[in-house]
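Listed below, chain by chain, are the residues.
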Amino acid sequence: MVGVDEQAPTPGAHDVVVVGSGPGGLQVGYVLGRLGVRHAVVSADPAPGGMFRRWPVFERLLSWSRLDAPFPRESREYEKFDHNSLIADEPVLRALVPAQMRGDSVLPSRAEMEAGLAAFAARAGVRVRYGCRWIATRREGERLVLETTDGEFSCRAAVFALGVTEPWKPPIPGLADVPHYADVGDVEGLAGKRVVVIGKRNAAFELATRLLPWARSIVLVSPRRVRAEVLARASVRAPYFQPLEQHAHGMGTTALDTVVDRVERTGEGAFVVHTGAGPLEADAVVACTGFCTPFGDLRELGVRAIARDRIPALTPFWESATAPGVFFAGNASQGALGLRRHGAGSLSSAVLGFRYNARVLAVHLAERFGTSRSNGRAYRGDELTSILAYELAHGPELWTQKGYLARAVSLAGDGAVDDGIVPLEHFVDTAGPDAAAVTIETDASGVTHPVVYLRRGGAIRDVALDHDPLGAYDAARYRRELGSLLSVG
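Because the structure is predicted, anything quoted here is derived from the model rather than measured.

Quick look at the overall build of the protein
Each helix and strand in the protein was counted, giving 10 helices and 26 strands. Here the C-alpha atoms of the protein give a radius of gyration of 24 Å, agreeing with the 23 Å that 2.2 N^0.38 yields for 489 residues. Projected onto its principal axes, the C-alpha positions of the protein cover 75 × 55 × 45 Å. When burial is assessed residue by residue, the protein has 53% of its 489 residues classed as buried. In the protein, of all internal contacts separated by at least 6 residues, the share reaching a separation of at least 24 is 60%.

Things to note about the sheet that holds strand E8 (residues 157–160)
The parallel open sheet is built from five strands, whose spatial order is E4-E3-E2-E8-E20. Whereas interior strands pair on both sides, the edge strands pair on one side only; in this sheet they are strand E4 (128–129) and strand E20 (326–328). Relative to E20, helix H6 (residues 351–368) is tilted by about 155°, and along the sheet it contacts strand E2 (16–19), E8 and E20.

Focus on the pattern of salt bridges
Two side chains carrying opposite charge are able to pair once their charged atoms lie near each other. Under the counting rule described, the total for this entry stands at 29 salt bridges. Here Arg 477 ties to Asp 468 by a salt bridge, and the two come within 3.9 Å at their closest N and O atoms. A residue is classified by how much of its surface remains accessible, and Arg 477, at 39% relative accessible area, is partly exposed. Note on Asp 468: relative accessible area 14%, which makes it buried. Among the ionic contacts, a cluster of salt bridges with common partners joins Arg 76, Arg 359, Glu 391, Glu 397, Arg 407 and Asp 418.

A look at the packing of aromatic side chains
Taken as a whole, this structure holds 10 aromatic pairs when the rule is applied. Taking 6.3 Å as the distance between ring centres and 90° as the angle between the ring planes, the aromatic pair formed by Phe 317 and Trp 318 counts as edge-to-face. There is no split in this pair, since Phe 317 and Trp 318 are both buried. Judged by centre distance (5.0 Å) and plane angle (85°), the rings of Tyr 473 and Tyr 478 are edge-to-face. Positioned above the aromatic ring of Trp 399 is the side chain of Lys 80, whose terminal nitrogen or guanidinium carbon lies 4.8 Å from the ring centre. Taking NZ or CZ as reference, Arg 455 lies 4.5 Å from the ring centre of Phe 427, over its face.

Considering the packing of helix H1 (residues 23–34) against helix H2 (residues 110–124)
For any two helices packed against each other, the geometry is given by the interaxial angle and the distance between the axes. Two elements in contact, H1 and H2, have axes separated by 11 Å at closest approach and are oriented at 20°. As the angle between them shows, H1 and H2 are arranged roughly parallel. In the packing of H1 onto H2, the handedness of the crossing is left-handed. In contact with Pro 23, Leu 26 and Tyr 30 of H1, H2 contributes Leu 117, Phe 120, Ala 121 and Ala 124. Among the residues forming the contact of H1 with H2, the class breakdown is seven nonpolar, no polar and no charged.

Some words on the environment of His 426
Tracing the backbone through its elements, the reader meets His 426 in helix H9 (residues 424–429). Separated by 255 residues in sequence, His 426 and Pro 171 have C-alpha atoms that sit 36 Å apart. Those residues in contact with His 426, other than ones at most four positions away along the chain, are Pro 316 and Phe 317.

Overview of the side chain of Asp 82
For Asp 82, the position within the fold is in the loop between strand E3 (39–42) and H2. Within the structure, the side chain of Asp 82 is placed 2.5 Å from the side chain of Ser 85, a separation counted as a polar contact. Beyond its immediate stretch of four places on either side in the chain, Asp 82 contacts Trp 64, Ser 65, Ala 95, Pro 98 and Arg 355.

About the cut-offs
- Residues numbered from 1 in each chain as written.
- Predicted model: local features only at pLDDT ≥ 70, side-chain atom pairs only at ≥ 80, totals over all residues.
- Heavy atoms only, no water.
- Helix = DSSP H or I, 4+ residues; strand = E, 2+ residues; numbered from the N terminus.
- Rg over C-alpha atoms; globule rule 2.2 N^0.38 Å.
- Buried < 20%, exposed > 50% of the residue type's maximum accessible area, 1.4 Å probe, protein only.
- Contact = heavy atoms within 4.5 Å.
- Pairing = 2+ DSSP bridges.
- Axes fitted to C-alpha atoms, helices over the stretch in contact; angles between N-to-C directions.
- Salt bridge = Lys/Arg side-chain N within 4 Å of Asp/Glu carboxyl O.
- Phe/Tyr/Trp six-rings, centres within 6.5 Å; stacked < 30°, edge-to-face > 60°.
- Lys NZ or Arg CZ within 6 Å of the ring centre and 35° of its normal.
- Parallel < 35°, antiparallel > 145°, perpendicular 65-115°, else oblique.
- Left-handed = near helix turned anticlockwise from the far one by under 90°.
- Nonpolar A, V, L, I, M, F, W, Y, C, P; charged D, E, K, R; others polar.
- Polar contact = N/O pair within 3.5 Å; in protein donor to acceptor, adjacent residues only side chain to side chain.

Here's what the structure looks like:
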């Protein structure tokens, strides 16, 4: 039995209830606390960490944190080089995952990630009621009531930060009889065997990389082609390229782009995977087919899902598109798709992206419940253009969530008022007073450059600024161009 912290939130009425103590739940809880929102964080786990208390299976993350960088660890700018730590206003709460790392890899171990999250929760004073499992949900008037093993929590908004953590398999005949990635144990047990891995995303290549020293042969199969040109620019590229290199050199690893029709067990430790390219004989089959959000009874409240019914359909502020008052944080926030200009999606499926979503969500909830924003500073002339240019050069939110989050200002006369970081889709699709938003985008040819969105007289237009190979978007020529576009300075 988990002991309850005497200062942990108690059942009863709150403005916001957050379910989950992984990185999404901790980030939302921290910001709500900073903004003075009455809230409670509850978690079925005995300690912080969420999915990182169990995964990744092979104990090494795919996202990196550089121990040395051009900026000090306690700075906001360092966040661009640390893809795993939670974010905070206080310098002493920043870069807590690198602080746990031994330096033998830029990819933290699962244990180092878990320790970094625990350090954040403790030092930031994020109060969580651990060992408190969410059981059911209902509406009472305009409020939500969450039934838990410790009692009922009533709230005006609920944030479910449970991630995309429930193993999922598509309805392929025979696939239910083979293990999922989440169930794989010791890969040495697959030594000398022919292994078929169904899937070609992160988990599939992580498994394939671990199997390389042991398996006789490895076939990764799914309809989706692996786009090496995209992976080359991705932070999760590391585990992909060794199996792909062996594939290119005919070294016993194959990446096959075709459908899987069914999986047939032909004997003890013997399978045939029937595909569009023909049958594949195997001694072992593993389904690396992804995960889904643990919805519990939320569908009964009207929550709908996308992506083969795995991810909640969300508004730009991560509220259920079909169930008001129900929000999602963590990697389930990828259900808010954004503009997807040039086909580019967000990085909301990973900590480096959704930590910023969580902060914006908490600010949004604080505004909804009457708490003043912490920003709103007024800028004029050169100060405004310098601020926006610096964000384009160094702002971690803009560089991480390209074309998804933006730094916005409301324009008035020869100055502006800072509106902080906002979802770009919301800025573009919502009517309002004259305003501007700056962001970083990658175009269809793979070139990264700043884009300025201007709203004047209710009309929106976007202006792409020239690419700079060094990313020096705070240079004088960019400040001048921003001043001209904003008609200031």
